[in-house]
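# An overview of the molecular structure
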Amino acid sequence: PLRGKILNVEKARLDKIYLEEGMYDQLLNLVIQTPGLYILEEYYHDLLDYPEQLLNKYLEELKPLVGKQDITHYLKEIEEIPGGVQFISLNQLRK
C-alpha cells in the first residue's frame, strides 16, 4: 500500500537527518523499531555509546537464525561493540 511506502521513505530520510543533526537517541529508537538488520548494520558504528541496546537488537534479530544461516558476518560486527565478545558467549550465538 502507498501508506507503507510513504512511511518507509520518511524513515529512510529520518535516519539521515537524525545522524546529521547528532540526534542519536532518536536514531537508536529508529534502528531498534525497524525490523531486520539492514539499518542496524548501517548505523551501529554511530551508536556505539548504546552498546546494550545494540546488542539486544542483534540478539533479537539473530537468535532465530542461529544454526540455520551463517551469521559470522554479524558476529564480527557484534565484536566491535563494547562488551560484544562476552555477549556472543553468554547468548551462545556461535555454534
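Before reading further, recall that the structure is shown in the block above.
Throughout what follows, the structure given in this document is the object of discussion.

Each value, and the rule that gives it
- Residues numbered from 1 in each chain as written.
- Predicted model: local features only at pLDDT ≥ 70, side-chain atom pairs only at ≥ 80, totals over all residues.
- Heavy atoms only, no water.
- Axes fitted to C-alpha atoms, helices over the stretch in contact; angles between N-to-C directions.
- Helix = DSSP H or I, 4+ residues; strand = E, 2+ residues; numbered from the N terminus.
- Parallel < 35°, antiparallel > 145°, perpendicular 65-115°, else oblique.
- Left-handed = near helix turned anticlockwise from the far one by under 90°.
- Contact = heavy atoms within 4.5 Å.
- Nonpolar A, V, L, I, M, F, W, Y, C, P; charged D, E, K, R; others polar.
- Buried < 20%, exposed > 50% of the residue type's maximum accessible area, 1.4 Å probe, protein only.
- Lys, Arg positive; Asp, Glu negative; His and termini not counted.
- Salt bridge = Lys/Arg side-chain N within 4 Å of Asp/Glu carboxyl O.
- Core = buried A, V, L, I, M, F, W, Y, C linked by side-chain atoms within 4.5 Å.

### Quick look at the packing of helix H2 (residues 24-33) against helix H4 (residues 51-62)
Running from amino to carboxyl end, H2 crosses H4 at an angle of 15°, the nearest separation of the two axes being 10 Å. On the basis of their axis angle, the class for H2 and H4 is roughly parallel. For the element pair H2 and H4, the recorded crossing hand is left-handed. Listed contacts from H4 to Leu 28, Val 31 and Ile 32 of H2 are Gln 53, Leu 54 and Lys 57. Split into classes, the residues belonging to the contact of H2 with H4 amount to four nonpolar, one polar and one charged.

### Section: the packing of H4 against helix H5 (residues 72-79)
Any two packed helices are characterised by how steeply their axes cross, that is the angle between the axes, and by the distance between the axes. Where H4 contacts H5, the two axes come as close as 11 Å, and the packing angle between them is 165°. Between H4 and H5, the crossing angle belongs to the class labelled roughly antiparallel. Pair H4 / H5 crosses with left-handed handedness. In this structure, H4 uses Leu 55, Tyr 58 and Leu 62 to contact H5, whose residues at the interface are Tyr 74, Glu 77 and Ile 78. By residue class, the composition of the contact of H4 with H5 is five nonpolar, no polar and one charged.

### What about the side chain of Asp 15?
One can find Asp 15 in helix H1 (residues 2-20). Of the side chains with opposite charge, Lys 16 comes closest to the buried, unpaired Asp 15, at an N-O distance of 4.6 Å. If sequence neighbours within four positions are ignored, Asp 15 has contacts with Leu 27, Leu 30, Ile 39 and Tyr 43.

### Let's talk about the pattern of salt bridges
Tallying each qualifying case throughout the model produces two salt bridges. Put simply, Lys 16 and Glu 42 hold a salt bridge, and the shortest N to O gap is 2.8 Å. Taken together, the residues span a long stretch of sequence, with Lys 16 in helix H1 and Glu 42 in helix H3 (residues 38-43) at a distance of 26 residues. On the basis of relative accessible area, Lys 16 is assigned to the partly exposed category, the value being 46%.

### Structural notes on the nonpolar core
Residues Leu 47, Tyr 58, Ile 78 and Leu 93 are the most contacted members of the largest nonpolar core, which totals 26 residues. For this core, the secondary structure elements donating two or more residues are H2, H3, H4, H5 and helix H6 (84-90). Looking at which element gives the most residues to this core, the answer is H4, with five residues. Apart from residues no more than four positions distant in its own chain, Leu 93 is found in contact with Leu 59, Lys 63, Val 66, Ile 71, Leu 75, Ile 78, Phe 87 and Ile 88.

### Brief notes about the environment of Leu 37
When you line up the elements, Leu 37 lands in the loop between H2 and H3. Discounting residues that sit within four places of it in the chain, Leu 37 has contacts with Tyr 58, Glu 61, Leu 62 and Tyr 74.

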